[in-house]
Amino acid sequence: MNGHLEALGREALRVQGVRKSFGKRGAGKEVLGGLSLTVADGEFVSIVGPSGSGKTTLFKVIGGLERPSEGDVRIGGKLTTGERGHISYMPQQSALLPWLTVAGNIELSLAISGVDRRAAKEKTNEWLERIGLQEYADAYPRVLSGGMLQRVSFLRALLAPQRLMLLDEPFGALDALTRLQMQQWLMSIWEQNRRSVLLVTHSIEEALLLSDRILVLSSSPAVVREEFTVPFGRPRSEALWTDPRFNELKQRIYGLLKADMEEGE
Amino acid sequence: MASKKGFLAKAWPPIAVLAGLLACWQAAVTLGGVADWLLPSPLAIVQEAARVWPRLMEHTEATVRLTLAGFAGGSAAGFVLAALLHLIPGLRTGAYPLLVLSQNVPVIAIAPILTMLLGYGFLPKVLLLMVVCFFPVTVATLGGLSSPDPQLRHYFQMIGIGKWQMFWRVELPHAIVHLFSGLKISASYSVLSAIVAEWLGTNKGLGAFMLLSFKGFMPDRGYAAVFVIVALSLALFGLVVLAERCFIRWQPEKEAGKE
Ligand SMILES: Nc1ncnc2c1ncn2[C@@H]1O[C@H](COP(=O)(O)OP(=O)(O)O)[C@@H](O)[C@H]1O
Ligand SMILES: [Mg+2]
């Protein structure tokens, strides 16, 4: 009943008081320390935090790969703690199967996400054409560049019917220039096809450029230390970088992360 | 086109070496370095092969039948076993040492037991071959099933793949490359094992034919059988390599170049 009400409030994700420890019977180091966050439907939320702070662990909890020792996960208003199959996902490494073609890879993921074969094929063709990769539809992943692989990987996540996308440092392995191009590209596609997104990134600029809201994580154990609403309208462009508010926000977030690292030492 | 050319370029050096060896051998025997009752000349062997050709082919057919049955059966069994060991939790750690043990028992020791239980027919020989052939396939496939990139596994788990789909879509295709290395080893063992199996009281097959020829002081006939055996081994191995090429189109060229 509660879940129904929340769905009406159009909430894509609610993580509530999630704790997670590893080690013997969960008695080891606590990685997530009662972490709470929400993502509204159609909202783009970024998480920045020191590496090793538990961002991937949080994603595993949301994806149902790890059960939290305490706390709940609700996706689309439904309690899904420990359940898989409610999200779409884009990892840092593109994770395309080398023995399937580009189109084959996308179609397989869609099939796993519950799309029927014919619809998956149509959608894949249509979108590969739309992003200008139709000539690679029948190519194997090894012939694609890093940037192209991540485009395919993003497309695969975007086309899945799940409303919530988790992106775990999707551009972390790319060179700086490609990374900039990819951010622009992702933003333009996302602005035309709004989905609920939770993005993990190391780059404060990336978070500022892409998101509606930024959550700064503290480490050991991870909780949301502070939350920033990004005040820029859409569509956005690199012109943002010259905006004084951009730099001010960047400085504040950087200061928080730095303080966290110094505390840790 | 390009691959055909590449094949020729790769094939001619070993062929040249082989031709050179045969020439030396021929010369050694003709010039009287070696007694021809001990080692007949290649030419004499080929002449003898031509003379007894129909009979030689009859025995070859029997050996081929045995080899293929044993190789196919053993590989299939090895593959299924690998899948079971992989899919049933705990079975792998429990059964793996036993598998290794099964390979430490010499074929010569298993053979009489099989003959005692099952007689001198086709079945015990096929079983013997299967015992030899299954192991490389099991070990290679098992290694392949458990070694896909952890990142791939993680991605598919995140999007909610089930255990069966993980097996069919991720682990099994990944294991195919490994399966083929196992098949190549099995293929090279299988013809020789068939020959050994045919020594066990039978009058059919190249193994029996060879044994009888040597015992009857007809070394040229015996060596004719040996030639055919070598050709069979190469052919079976080549067949596996060919199947691999057809199956694994996606592999980078450098992998194929390693052969
Ligand atoms: N399966 C696990 N067992 C034990 N410790 C783990 C496990 N997974 C993650 N950790 C620990 O949790 C912490 C957070 O890891 P992770 O979520 O990968 O961080 P991030 O993604 O923010 O870099 C690390 O200190 C890591 O060692
Ligand atoms: Mg991580």
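Model, not experiment: these values are computed from the prediction.

(A) The arrangement of the sheet that holds strand 9 (residues 213-217) of chain A in detail. All names here are of chain A. With mixed pairing, six strands are arranged side by side in an open sheet as 6-7-8-3-9-10. Where the open sheet ends on each side, the last strands, each with one partner, are strand 6 (87-90) and strand 10 (224-229). Here the strands of the sheet are splayed against their neighbours by 20 degrees on average, with no regard to which way each runs. As paired strands, strand 3 (residues 44-48) and strand 8 (residues 196-201) are joined by five bridges and run parallel to one another. When the sheet's bridge partners are listed, Val 48 is paired in strand 8 with Thr 201. Its contacts with the sheet place helix 2 (residues 55-63) against strand 3, strand 6, strand 7 (164-168), strand 8 and strand 9, and it is angled at close to 155 degrees to strand 7. The strands touched by helix 5 (residues 146-159) are strand 6 and strand 7; relative to strand 6, the strand with the most contacts, the crossing angle is about 175 degrees.

(B) Quick peek at the packing of helix 3 (residues 102-112) of chain A against helix 4 (residues 117-130) of chain A. Residues and elements named next belong to chain A. It is the contact of helix 3 with helix 4, at a shortest axis distance of 9 Å, that shows an interaxial angle of 135 degrees. As summarised for this structure, helix 3 and helix 4 are arranged oblique, according to the angle between their axes. Between helix 3 and helix 4 lies a crossing whose hand is right-handed. Two secondary-structure elements touch here, helix 3 through Val 102, Ala 103, Ile 106, Glu 107 and Leu 110 and helix 4 through Ala 120, Lys 121, Thr 124 and Leu 128. Taken together, the residues that form the contact of helix 3 with helix 4 break down as six nonpolar, one polar and two charged.

(C) Structural context of the domain arrangement of chain A. Residue and element names in this part refer to chain A. Along its sequence, chain A is carved into domain 1 (3-87 + 164-264) and domain 2 (97-161). On a C-alpha basis, the centres of domain 1 and domain 2 stand 25 Å from each other. Contacts between the two partners involve 11 residues from domain 1, matched on the other side by 13 residues from domain 2. The junction of domain 1 with domain 2 conceals about 1100 Å² of combined surface from both sides, 72% of it contributed by carbon and sulfur atoms. In terms of surface lost to domain 2, no three residues of domain 1 exceed Met 165, Trp 185 and Arg 195, which account for 42% of the buried area on that side. Put simply, domain 1 and domain 2 have zero salt bridges between them. Where domain 1 packs against domain 2, one counts three residue pairs in polar contact (both at pLDDT 80 or more). Elements that contribute at least two residues to the side of domain 1 that touches domain 2 include exactly strand 7 and helix 6 (176-192). Here the side of domain 1 that touches domain 2 takes five residues from helix 6, the largest share from any one element. By residue class, the composition of the side of domain 1 that touches domain 2 is eight nonpolar, two polar and one charged.

(D) Just the site of ligand 1, in detail. All names here are of chain A. Around ligand 1, the structure places Phe 22, Lys 29, Val 31, Ser 51, Gly 52, Ser 53, Gly 54, Lys 55, Thr 56 and Thr 57. A distance of 3.0 Å separates an oxygen atom of ligand 1 from a polar atom in the backbone of Gly 54. Take Thr 56: an N or O atom from its side chain is 2.8 Å from an oxygen atom of ligand 1. Calculation on ligand 1 without its partners gives an accessible area of 560 Å², and the protein chains cover 60% of this total. The element contributing the most residues to the shell around ligand 1 is helix 2, with three residues. Tallied by class, residues from the shell around ligand 1 come to two nonpolar, six polar and two charged.

(E) Highlighting the interface of chain A and chain B. Each side of the interface is counted separately: chain A has 23 residues, and chain B has 19 residues. Overall, the association of chain A and chain B removes approximately 2200 Å² of surface from exposure, summing both partners, and the carbon and sulfur fraction of that is 69%. Contact with chain B buries surface across chain A, with Tyr 89, Trp 99 and Ile 112 of chain A losing the most and accounting together for 32% of the total. Counting the contacts that link chain A with chain B gives zero salt bridges. The tally of links between chain A and chain B comes to three residue pairs in polar contact (both at pLDDT 80 or more). In terms of residue class, the side of chain A that touches chain B is built from 14 nonpolar, four polar and five charged.

(F) Quick look at the environment of Ile 214 of chain A. All names here are of chain A. Mapped onto the fold, Ile 214 is located in strand 9. When its relative accessible area of 0% is taken as the criterion, Ile 214 is described as buried. Through-space distance from the C-alpha of Ile 214 to that of Leu 199 is 9.3 Å; in sequence the pair is 15 residues apart. Setting aside residues no more than four positions away along its own chain, Ile 214 makes contact with Ser 46, Val 48, Ala 207, Leu 208, Glu 226, Glu 227, Phe 228, Val 230 and Ile 253.

Criteria and thresholds
- Residues numbered from 1 in each chain as written.
- Chains lettered and ligands numbered in written order.
- Predicted model: local features only at pLDDT ≥ 70, side-chain atom pairs only at ≥ 80, totals over all residues.
- Heavy atoms only, no water.
- Pairing = 2+ DSSP bridges.
- Helix = DSSP H or I, 4+ residues; strand = E, 2+ residues; numbered from the N terminus.
- Axes fitted to C-alpha atoms, helices over the stretch in contact; angles between N-to-C directions.
- Contact = heavy atoms within 4.5 Å.
- Parallel < 35°, antiparallel > 145°, perpendicular 65-115°, else oblique.
- Left-handed = near helix turned anticlockwise from the far one by under 90°.
- Nonpolar A, V, L, I, M, F, W, Y, C, P; charged D, E, K, R; others polar.
- Domains from an automatic or database assignment.
- Buried area = accessible area lost by both parts, 1.4 Å probe.
- Salt bridge = Lys/Arg side-chain N within 4 Å of Asp/Glu carboxyl O.
- Polar contact = N/O pair within 3.5 Å; in protein donor to acceptor, adjacent residues only side chain to side chain.
- Near = heavy atom within 4 Å.
- Areas by Shrake-Rupley, 256 points an atom, 1.4 Å probe, with all protein chains shown as cover.
- Buried < 20%, exposed > 50% of the residue type's maximum accessible area, 1.4 Å probe, protein only.

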